[in-house]
Amino acid sequence: MKMTVIYDNEAKEGLQSGWGFACLIETEDNIILFDTGWDGHLLLRNMERLAIEPESIDSLVLSHQHWDHIGGVTTFLDRNPDADIYVPASFSANLKKEMESRGKRSLHEIKGPQEICKGIYTTGELGDSIKEQSLILDSADGIYIITGCAHPGLPSIIKTASTFGTITGIFGGLHDTQDYELFRNMQLIGAGHCTKNKSAIMKLYPENFVEIFAGYSADL
Ligand SMILES: [Zn+2]
Ligand SMILES: [Zn+2]
């Protein structure tokens, strides 16, 4: 399995940065885009520079209904209307209708934890005020979690993901968590986008901490 960050507030040379998050997960059988950042053109430009074909993506999973995670949806669907779309069921009815009208495949409304494709699961929508789903990757060396902004809080995301196995690592926005004990047994803590306390996490786990950016990739 391979995870590549396509869109983040930070970017490696040659790629563009922008507020938001998007990453690609490639398995033997599927290619999944998780979130789209805000600017769909920036998303497609970074994909081109990373030699990712938008048309090759079979599923689009959206974490939560915030502009910096879904802004690129229409531009992406213009390019690839054939992807299955997975959104938290609580997305606004009109947004779901719009997305459905621009895609050719089905819109899946996610409530509880479920399989998305082989080895890839969703936590289901978690949280009270801002509902969000995270991805769970069942890789050869354990479970990796991919979050959008982690608005529901890491305790509830990690609790749900733990039911799938031992958690090896986490990538994405870790929001304002100060519950640093949660990272204790993780081998990889990839903080990106909206992580508020990067330096505190890095201080506690210097060997396992990585700051992710557009262009970062990891074989899992
Ligand atoms: Zn958010
Ligand atoms: Zn965000």
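Keep in mind it's a predicted model, so treat the numbers as computed, not measured. (Residues numbered from 1 in each chain as written. Chains lettered and ligands numbered in written order. Predicted model: local features only at pLDDT ≥ 70, side-chain atom pairs only at ≥ 80, totals over all residues. Heavy atoms only, no water.)

> What should I look at first to understand the sheet that holds strand β7 (residues 114-117) in this one?
The seven strands are arranged β7-β8-β9-β10-β11-β12-β13 in an open sheet whose pairing can be described as mixed. Each edge of the sheet is formed by a strand with only one pairing partner; in this case those strands are β7 and β13 (209-211). With strand direction ignored, the average angle separating the axes of adjacent strands in the sheet is 25°. Of the pairings in the sheet, the one linking strand β8 (residues 120-122) to strand β9 (residues 135-139) comprises three bridges and is antiparallel in character. Within β9, the residue paired with Tyr121 across the bridge is Ile136. Across the sheet, helix α5 (residues 154-162) touches β9, β10 (142-147) and β11 (167-173), and the angle it forms with β10 is around 145°. (Pairing = 2+ DSSP bridges. Helix = DSSP H or I, 4+ residues; strand = E, 2+ residues; numbered from the N terminus. Axes fitted to C-alpha atoms, helices over the stretch in contact; angles between N-to-C directions. Contact = heavy atoms within 4.5 Å.)

> Is there a simple way to think about the pattern of salt bridges in this case?
Pairing is possible between side chains that carry opposite charge, provided their charged atoms lie close to one another. Counted according to the given criterion, the structure contains eight salt bridges. Between Arg79 and Glu55 there is a salt bridge, with the nearest N and O atoms lying 2.8 Å from each other. In this pair, Arg79 sits in helix α3 (residues 73-79) while Glu55 sits in the loop between α1 (40-49) and β4 (59-61), placing the two residues 24 residues apart along the sequence. In this structure Arg79 comes out as partly exposed when scored by relative accessible area, which is 40%. Note that Glu109 is salt-bridged to Lys96, the shortest N-O span being 3.0 Å. Linking Glu109 in strand β6 (residues 107-110) with Lys96 in helix α4 (residues 93-102), this pair joins segments that are 13 residues apart in sequence. We classify Glu109 as partly exposed; its relative accessible area is 44%. (Salt bridge = Lys/Arg side-chain N within 4 Å of Asp/Glu carboxyl O. Buried < 20%, exposed > 50% of the residue type's maximum accessible area, 1.4 Å probe, protein only.)

> Would you mind showing me how to read the packing of aromatic side chains here?
For any two aromatic rings, the description comes down to two numbers: the centre-to-centre distance and the angle of the planes. Applying the stated criterion across every chain yields a total of six aromatic pairs. Aromatic side chains Tyr121 and Phe164 sit 4.9 Å apart centroid to centroid with 40° between the ring planes, which places their arrangement in the tilted category. Here Tyr121 is found in strand β8, whereas its partner Phe164 is found in the loop between α5 and β11, with 43 residues between them in sequence. The exposure class assigned to Tyr121 is buried, which follows from its relative accessible area of 19%. Judged by centre distance (5.8 Å) and plane angle (85°), the ring pair of Phe213 and Tyr216 falls under edge-to-face. (Phe/Tyr/Trp six-rings, centres within 6.5 Å; stacked < 30°, edge-to-face > 60°.)

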